[in-house]
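Structural characterization, general
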Amino acid sequence: MNNIAALNSGTAFHIVSLTKEPFNKYFKKVLYLPTLSLEELKDIDILLITCSSMYDQLQKKKDIFYKFLKEGKTLVVMGRNETKYWLKDIKEVELPFNFWWWLDEKNSIDLEVVKADYPLFKHIKLKDMSWHYHGGFEIPKNALNVIEQKNSKKSVFFELDNYYGGKLIVTSLDPFYHHGSFFMPNATKFGFGLLNYLKDLKIK
């Protein structure tokens, strides 16, 4: 079982999602982003950059993330983290956004699975992880595109091996924000699916 650490920016939704049941049991450490040090990550296999973290602090700590990756470890970046300011070689793209997709019975969310045999789907189905998304990404060269927006073909979830020495997983979905804000049931389902996938993910 992998040792997973998650970054806490001190917001109410981070505290609820990361330090309370049911998700707290998945984390070996919950680390405060503004004081993060590389030393705190020496026994960690996977670092989760939680939804809606303080992107100015992510900028300040980006060297730590790349040193972590260089050790062959895995960085997981959730939605609403302004990756354009601190994540190298990853291009974020604005896409049409409907905050209320999850309540719209006439128009289903415009996402589709590209890689149906991706191990995440052993734990959850797309319909159980859909509420809305916050933009997309140009698919990096050699990346494994898992979920995309139907019309634009931009990625909403991808995995990239050999990214600065480690593995990078990026999504524009924001489950921990919504779980910690006490709305969006599918966000909680996705949280479970993602964490169960990560705990057994094969690390270099």
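The sections below set out a description of the structure shown in this document. Here the residue index of a chain counts from 1 through its sequence in written order. In view of the model being predicted, local features appear only for residues whose pLDDT reaches at least 70, and side-chain atom pairs are presented and counted only at 80 or more, with totals across whole chains, interfaces and linings using the full set of residues. Computation of side-chain values: all heavy atoms of the structure, hydrogens and water removed.

Burial classes: relative accessible area under 20% of the type maximum marks a residue as buried, over 50% as exposed, and values in between as partly exposed (1.4 Å probe, protein chains only). Numbering of helices and strands starts at the N terminus; helices are DSSP runs of H or I of at least 4 residues and strands are runs of E of at least 2. For strand 10 (residues 166-171), the tally of buried residues reaches 6 of 6 residues, placing the bulk of the element in the interior. Bridge count for strand 4 (residues 74-77) against strand 10 is 4 bridges, and the pairing is parallel. The residue of strand 10 that forms the bridge with Val 77 is Val 170. Two strands pair when backbone bridges link them, and strand 9 (residues 155-163) and strand 10 are joined in this way by 5 bridges, in the antiparallel orientation. Bridging across to strand 10, Glu 159 finds its partner in Ile 169. Taking the residues between adjacent antiparallel strands as the criterion, strand 9 and strand 10 are bridged by 2 residues, where Tyr 164 takes a positive phi near 50°. The rule for pairing is simple: two strands pair if DSSP sees at least two bridges between them.

It is worth spelling out the pairing of strand 2 (residues 29-32) at this point. Here 4 bridges tie strand 1 (residues 4-8) to strand 2, and the two strands are oriented parallel to one another. Across the sheet, residue Leu 7 finds its bridge partner in strand 2, namely Leu 31.

This next bit is on the environment of Thr 74. Here Thr 74 is to be found in strand 4. Distance from Thr 74 to Lys 25, taken between C-alpha atoms, is 19 Å for residues 49 residues apart in sequence. Once residues lying within four places of it in the same chain are set aside, the contact partners of Thr 74 are Asp 45, Ile 46, Leu 47, Phe 68, Lys 167, Ile 169, Leu 201 and Ile 203. For this analysis, residues touch if any pair of their heavy atoms sits within 4.5 Å.

Scope: geometric values only; no functional claims are made or implied.
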